[in-house]
Each structure stands twice: as C-alpha cells, then as structure tokens.
Amino acid sequence: MMPELSCDLHFADNANAALLFGDLNRNLHTVEKGSGVTINVRGNDVNLSGPEHEVKLISDLLRQLYDLIGKGYPVYSSDFAFGLRILESTPSARLDKIFLDKVYVTTQHRVISPKTINQKKYIDAIRHNDIVFGIGPAGTGKTYLAVAMAVSALVNKRIRSIILTRPAVEAGEKLGFLPGDLAQKVNPYLRPLHDALNDMLGSEKSMELIERGVIEIAPLAFMRGRTLSNAFVILDEAQNTTREQMKMFLTRIGFDSFAVITGDSTQVDLPVPKHSGLLEAQRILKKIFGIEFCKFGKEDVVRHPLVQKIIQAYEKQS
C-alpha cells in the first residue's frame, strides 16, 4: 500500500488564485478527476490528500502554475494537463522555462508557446539552426509551431517571405477525380497550412499576404528550379517525399533562409515506404553541422487527450 499524504497550500493573491482555480473551481476539479488526489478548497486555501507521490506532484503543479499567473502568463485549462505530463516525466522541470517562451501572440491574443519539453527543444533548434527536421506523430505541434516561428520571423522582419509546401501524394483518394485545375486539385492537401495561418493572422490578413506573394502555399512540385532566399520555408508531410524530391527541396535553400521539415515516419503513403526522402535524410544528414533533428513522441500530443491514447493503442498493435 502506497503511503498517504495530506498537504495544505495557501495562495495569497485573490485574483491570481481565482484564475488558477477556474470558474467554480473547474481547473481543480479537472486535476482531481485525472489523478488520485482529493482536493478541498476553502477560500484561497487548498488541501490535497492522497498517495504521497501524487500529492507532491499536484502540489508542485499548482505552485508553478500560480507563479506563472503572477508573471503574467494566461494559464489555459489545457495547461494543467500539459504541466502534469511534463512533471510526471521530468519532476525537476520548471514550467516557466517552457510556457513563458512566447513564440507568437495570435490576433485573438492567444499566446503560442511550447507545451512539452520536446516542443521547447524544437523551438530552440529552429532558433539556432538553418535547417531543422521535426519528426513524430500527428498532434505534436510540429507544423503549427513551425508556422508560428515563420510568422514571428516575418513580423520581426528577419525574413521577407514565408513559403509553405507539401507533397501532393494520393493517400487512398485519387487526385484526378477532384474538380478544377491542378492548383485546385491539390488545395485540399494544403488546407492545414491555411488553417494554421488563419489561426495566427486572421483570415483577412492571411489572404492579403498570400495575394501580395509575401506568403506562398504551393505543392512541392512547384519548388523545382527555384532558389528560396530570405525566406522561412516549411516542408510539411515530408514522409511522403521521394528521395529525389527531398534532395530537390533541400538544395533550393538560398542565403538568409531557414527551413523546417516536418513529418511522421510511421505514416508514409508512398508505394514503397522505405523510399521515403524523410527516412533517407535522417540517415545521411544527421552529422551535418547546422542541421538538427528533433523527435516527438505520443507524450507530446497536444490535441484532445484521447489522441494520445489512440496513438498508444495503435503502437501496441504494430
């Protein structure tokens, strides 16, 4: 039987305590539901009781999130789950070192920042390298954070343009049956990139920058023969590039440019998966200075909590 522990916490600032607890103590109820700890609230005082390890973990989580609020960080309800996941894997972690790394603030005033240790490493890698690979399962923020870094670089005038590209690989659906010309046929494949831009810039500003050519969203085939200078270039779904396409893309990079390549090596839709350009790049480029590979796992999933469990279930069956 695990030793039990009771712990009392006091949060002096009324306003910050209210933000921490949430409406009708909703945040605390969520934490209680997802752990083996019982939480009782009286005013600004909180009592935690339950297994010793869990109580210490939740106590550290609440203290750190309370400190973050005091530093001006707008703690979201999802941060409780993200913070708990970080502290479970790395008890010595400081949440302020991760959550306060502000990448961009959206038009809705929502702060975009890393939510996991690997996301923080990814952001730092993009800051310090000209070419970065982000490899891992869906929902880990690979593309979204890359787009946020690109928008931030554009707003701060570190680059003059953003180029977002994807290989248009048929994943069970045939392009030929889609209506319209080639650009219209591949547009559904590029929709996630449009969504990320709209979320950060707003649809009107995003459309304006696209019309002016400051932001370009195009299939990978459209990159051939070009030199991409003074740009932030993102290649998404890179697991579906061939070896030749990956080499073509990487050799497009010009002066004062940055490239981020994202993909999931377990979701290759090519006829021969082992011919994926992403898989080959991991093997032959890993020792080149200025290129960094960042790996994500199911613990980095920042979508609905069930997504992490779905990935885990499929891993067990593979």
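Given the structure is predicted, the values throughout are model-derived calculations rather than measurements.

**Student:** So, the side chain of arginine 85: which residues are in play, and what are the values?
**Tutor:** Secondary-structure assignment places arginine 85 in helix H4 (residues 78-89). Put simply, arginine 85 is tucked away with no salt bridge, and the nearest opposite charge, on glutamate 88, sits 6.4 Å away. A distance of 2.6 Å separates a polar side-chain atom of arginine 85 from the backbone oxygen of valine 301.

**Student:** I'd like to hear about the pattern of salt bridges, residue by residue, with values.
**Tutor:** This structure, assessed with the given rule, holds 17 salt bridges. Aspartate 124 is the salt-bridge partner of lysine 120, the closest N and O atoms lying 3.4 Å from each other. Here lysine 120 and its partner aspartate 124 are both found in helix H6 (residues 117-128), 4 residues apart, which amounts to about one turn of the helix. According to the relative accessible area criterion, lysine 120 is buried, its value standing at 19%. Residue aspartate 124 is classed as partly exposed on the basis of its relative accessible area of 23%. For the salt bridge of glutamate 280 with arginine 243, the shortest nitrogen-to-oxygen distance reads 3.8 Å. Taken together, the residues span a long stretch of sequence, with glutamate 280 in helix H11 (residues 277-284) and arginine 243 in helix H10 (residues 243-250) at a distance of 37 residues. Three or more residues joined by partner-sharing salt bridges are found here, namely Asp101, Lys120, Asp124 and Arg127.

Definitions and limits used
- Residues numbered from 1 in each chain as written.
- Predicted model: local features only at pLDDT ≥ 70, side-chain atom pairs only at ≥ 80, totals over all residues.
- Heavy atoms only, no water.
- Helix = DSSP H or I, 4+ residues; strand = E, 2+ residues; numbered from the N terminus.
- Buried < 20%, exposed > 50% of the residue type's maximum accessible area, 1.4 Å probe, protein only.
- Lys, Arg positive; Asp, Glu negative; His and termini not counted.
- Salt bridge = Lys/Arg side-chain N within 4 Å of Asp/Glu carboxyl O.
- Polar contact = N/O pair within 3.5 Å; in protein donor to acceptor, adjacent residues only side chain to side chain.

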